[in-house]
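Remarks on the overall topology
Here is what each chain is made of, one letter per residue.
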Amino acid sequence: MPQLDLETISRRFGAVTALDGVSLSLRPGEVHALMGENGAGKSTLIRVLAGLDRPDEGRIMLGGEEIPPGQPAAMREAGLRFIHQELHAVKGLSVAENMHLDHPYPRRAGLVNWGALNAAASEALARLGLETIDPRAPMTDLGPGDQMLVRIASTLIADGDRPAWLYVMDEPTAALTSGESERLFTVIGQLIGQGGGVLYVSHRMPEVLRLADRVTVLRDGRHVSTRPLSETGEARIIEEMTGRDLSALFPPRRSDATPGEVVLRVEQLSAGPLEEATFELRAGEVLGVAGIAGSGRGALLRALVGEQSRSDGTVTLDGRTLNGGPKQAWRGGMAYVPRERRSEGLMLRRAIFENVALPHLSGLARLRYFLDHRRQRRVARDLGGQVQLKAASITQACEELSGGNQQKVLFARALAGAPKVLLLDEPTRGVDIGARSELYRLIRELSDAGLAVVMASSDLPELLGLSDRIAIMRDGRLSEFVEAEGLTEAELLSRFYHLSKEEQAA
Ligand SMILES: Nc1ncnc2c1ncn2[C@@H]1O[C@H](COP(=O)(O)OP(=O)(O)OP(=O)(O)O)[C@@H](O)[C@H]1O
Ligand SMILES: [Mg+2]
């Protein structure tokens, strides 16, 4: 297979220049990592490459011949396959049908050959070790990790005389557990071994350092560098992405911090998979919630904010017992940043400022809100500034924002109600390292000022770097609380799986 060349690609959206003369070559037999902060232009480049978007300037060449732009079929024909960032499953379709969304359905005598369709899906799933997934099951029955693996598997479906050779993956591991990610890495190794090439976008530095043969950095839509991994490294990549040296990712704790009053009291809370959670949280405290995927981290937060209806127990916020619904929780001073920003969080078609303000309002306030745009916009602009939101203007629709910037809109929304307790579920998933350090600094500042934070995360450095205490969850239960200070990643991880001292003794 000859190499694929992107030549001086530019793409503008109104006043925003998403890509500015970017050139890149992709070769068979190598993993090419594409790095850049949120909004740097990575997904835009991929959409252009997929034919989903037409560049204002530039060409895409395969072996010296131009591929017509803006035509997904032409890109498929050229052997390219895509896993886009944040694509959602089509409801009502089976796993196999979802896997064939951009493949022609196998047919016989003019009719869809369902046997062949399911067989092709099964075969592709098996290559990822996903034999346990039934291709006939509804796609929406699967968890987010499995859905992502299915999408990855769908790029492996053989498609007649048009062999695939270049696999383009935009943050494929963002929703995967480490075990699921390992399966993906094995397949990437196989694809490369068979002469395939991979264009790989991820904000997870360890993955990039492990997988990439070459690394390209984009900044503000411009090409900064393309280097073999042997000639670059973490510090250099970060420096090129951000223009800054980010050796201190986590701001220090305030040394004179004294524990505040108890603001949240949770007793015997059971809800869905969560069982009998009991704890107290003080003003200014950051409680990390750790545990393997499926241990109930997310369920705990959803139960606290009332997104998951409780079967038992009480939650007392600032002396007031909550009735279990989300409205009262938000109004009482709780705020929640969900993990699945597209499905749980944002009104994508609406403007940024509406997304920030609307959930806090009801009835009369809503009416007044529509009459008082100017003030609301100012609030959104201030908060947008605090979270370093990168957008053309606060009237821009959220669907036009890059993935990480959508996350920041949710942060701004949570802060707009001046909460007493902030619940964060995977707060920096898909957020670039520069913005991440800003969010960390912001969380620390707010907690120093008395905000209590509950942060569920799968990112161990983040848990250790920000938390005062860490609650470890196992099988829906809070199994243990540990002080974060002085704890290592290995020690924390070992507690996910192993019995506590008391349990060992028993
Ligand atoms: N349809 C659109 N309309 C207007 N602006 C857009 C549109 N699509 C992208 N942009 C803008 O182009 C810029 C690049 O966005 P892009 O999604 O390519 O970033 P990214 O590098 O993928 O970021 P992330 O890491 O957050 O996913 C951003 O400023 C974004 O707001
Ligand atoms: Mg993106």
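Heads up: the structure comes first, above all this text.
Our subject in this report is the structure included herewith. Each residue is numbered by its place in its chain's sequence as written, counting from 1. Starting at A for chains and at 1 for ligands, labels are handed out in the order in which the entities are written. Local features in this predicted model are restricted to residues of pLDDT 70 or higher, and side-chain atom pairs are both shown and tallied only at a pLDDT of 80 or more, whereas totals for entire chains, interfaces and linings draw on every residue. Values shown for side chains rest on all heavy atoms present in the structure; no hydrogens or waters enter the calculation.

Our next topic: the overall build of the protein. Helix numbering and strand numbering both begin at the N terminus, where a helix is a DSSP run of H or I of at least 4 residues and a strand a DSSP run of E of at least 2. For the protein, the count of helices and strands is 19 helices and 22 strands. Taken over the C-alpha trace, the protein has a radius of gyration of 24 Å; the compact-globule value for 506 residues is 23 Å, and the two agree within 12%. Taken over the C-alpha atoms alone, the protein extends approximately 70 × 55 × 50 Å along its principal axes. By the burial criterion, 53% of the 506 residues in the protein qualify as buried. In the protein, 67% of the contacts between residues at least 6 apart in sequence involve partners at least 24 apart. Shrake-Rupley sampling with a 1.4 Å probe provides the accessible areas, and residues are treated as covered by the protein chains on show and by no other component. Carbon and sulfur atoms provide 49% of the accessible area of the protein, an area that totals close to 22,300 Å². In this tally, Asp and Glu contribute negative charge and Lys and Arg positive charge; neither His nor the terminal groups of the chain are included. Positions of charges follow a simple convention, taking NZ of Lys, CZ of Arg, CG of Asp or CD of Glu. Once the 60 positive and 67 negative side-chain charges of the protein are each reduced to a mean point, those two points are 6 Å apart. Each radius of gyration reported is based on C-alpha atoms, and the globular scaling rule is 2.2 Å times the count of residues to the power 0.38. Buried residues are those whose accessible area, probed at 1.4 Å on protein chains only, stays under 20% of the maximum for their type, while exposed residues exceed 50% and partly exposed ones sit between those limits. We call two residues contacting when some pair of their heavy atoms lies within 4.5 Å.

With that out of the way, let us pick up the pattern of salt bridges. For side chains bearing opposite charge, pairing can occur when the charged atoms are close. We define a salt bridge as a side-chain nitrogen of Lys or Arg found within 4 Å of a carboxyl oxygen belonging to Asp or Glu. Evaluation of the coordinates by the stated rule reveals 26 salt bridges. Of the charged contacts, one joins Glu7 and Arg59 as a salt bridge, the two residues approaching to 3.0 Å between their closest N and O atoms. A residue pair is termed long-range when its members are at least 10 positions apart, and Glu7 in strand β1 (residues 4-13) and Arg59 in strand β4 (residues 57-62) qualify at 52 residues. Residue Glu445 is joined to Arg441 by a salt bridge in which the shortest nitrogen-to-oxygen separation is 2.6 Å. Taken together, the positions of Glu445 and Arg441, both in helix α16 (residues 433-448) and 4 residues apart, correspond to about one turn of that helix. Under the relative-accessibility criterion, Glu445 is labelled partly exposed at 44%. It is possible to trace a salt-bridge network through shared partners that takes in Arg11, Asp53 and Asp56.

The topology assignment puts Thr186 in helix α6 (residues 178-193). Each C-alpha atom of the pair Thr186 and Leu128 lies 8.4 Å from the other, and the pair is 58 residues apart in sequence.

Turning to its location among the elements, Asn98 is positioned in helix α3 (residues 95-99). Residue classification places Asn98 among the buried residues on the basis of a relative accessible area of 9%. Apart from residues lying up to four places away in sequence, Asn98 is in contact with Ala89, Val90, Leu93 and Met139.

The cutoff for a nearby residue is simple: one of its non-hydrogen atoms must lie within 4 Å of the molecule or strand. Among the 19 residues in the neighbourhood of ligand 1, the closest are listed as Asn38, Gly39, Lys42, Thr44 and Ser402. Identification of polar contacts relies on pairs of N or O atoms within 3.5 Å, with a donor-acceptor requirement for protein atoms, meaning one able to donate a hydrogen and the other able to accept it, and with residues adjacent in sequence counted only if both atoms are side-chain atoms. Between an oxygen atom of ligand 1 and a main-chain N or O atom of Ala40, the distance comes to 3.2 Å. Protein burial of ligand 1: of its 640 Å² of free accessible surface, 87% is covered by the chains. At 3 residues, helix α1 (residues 42-49) tops the list of elements feeding residues into the shell around ligand 1. Residue classes follow a fixed rule: Ala, Val, Leu, Ile, Met, Phe, Trp, Tyr, Cys and Pro count as nonpolar, while Asp, Glu, Lys and Arg count as charged, and any other residue, Gly among them, counts as polar. Tallied by class, residues from the shell around ligand 1 come to 5 nonpolar, 11 polar and 3 charged. What marks off one domain from the next here is an automatic or database domain assignment. Of the residues that make up the shell around ligand 1, three or more belong to each of domain 1 (4-242) and domain 3 (346-417).

The angle between the axes and the distance between the axes are what describe a pair of packed helices. With axes taken as lines fitted to C-alpha atoms, and helix axes fitted only over the stretch in contact, angles between N-to-C directions fall between 0 and 180 degrees. Orientation of helix α15 (residues 403-416) relative to α16, taken along the N-to-C sense of each, is 10°, at an axis distance of 12 Å. What the angle tells us is that α15 and α16 run roughly parallel. When the axes of α15 and α16 are compared, the crossing they make is left-handed. Residues Lys408, Phe411 and Leu415 of α15 touch α16, and the partners they reach there are Ala435, Leu439, Leu442, Ile443 and Leu446. Here the contact of α15 with α16 is built from residues that sort into 7 nonpolar, no polar and 1 charged. Each angle receives one of four descriptions, namely roughly parallel if under 35 degrees, roughly antiparallel if over 145, roughly perpendicular if within 65 to 115, and oblique otherwise. What makes a crossing left-handed is the near helix being turned counterclockwise from the far one by less than a right angle; a clockwise turn instead makes it right-handed.

Our focus in this paragraph is the sheet that holds strand β19 (residues 421-425). What the 6 strands build is an open sheet, ordered β18-β19-β20-β15-β21-β22; its pairing is mixed. The sheet terminates laterally at β18 (334-337) and β22 (477-483), the two strands that pair on one side only. Each adjacent strand pair in this sheet contributes to an overall mean axis angle of 20°, direction not counted. Pairing between two strands is assigned when DSSP locates at least 2 bridges connecting them.

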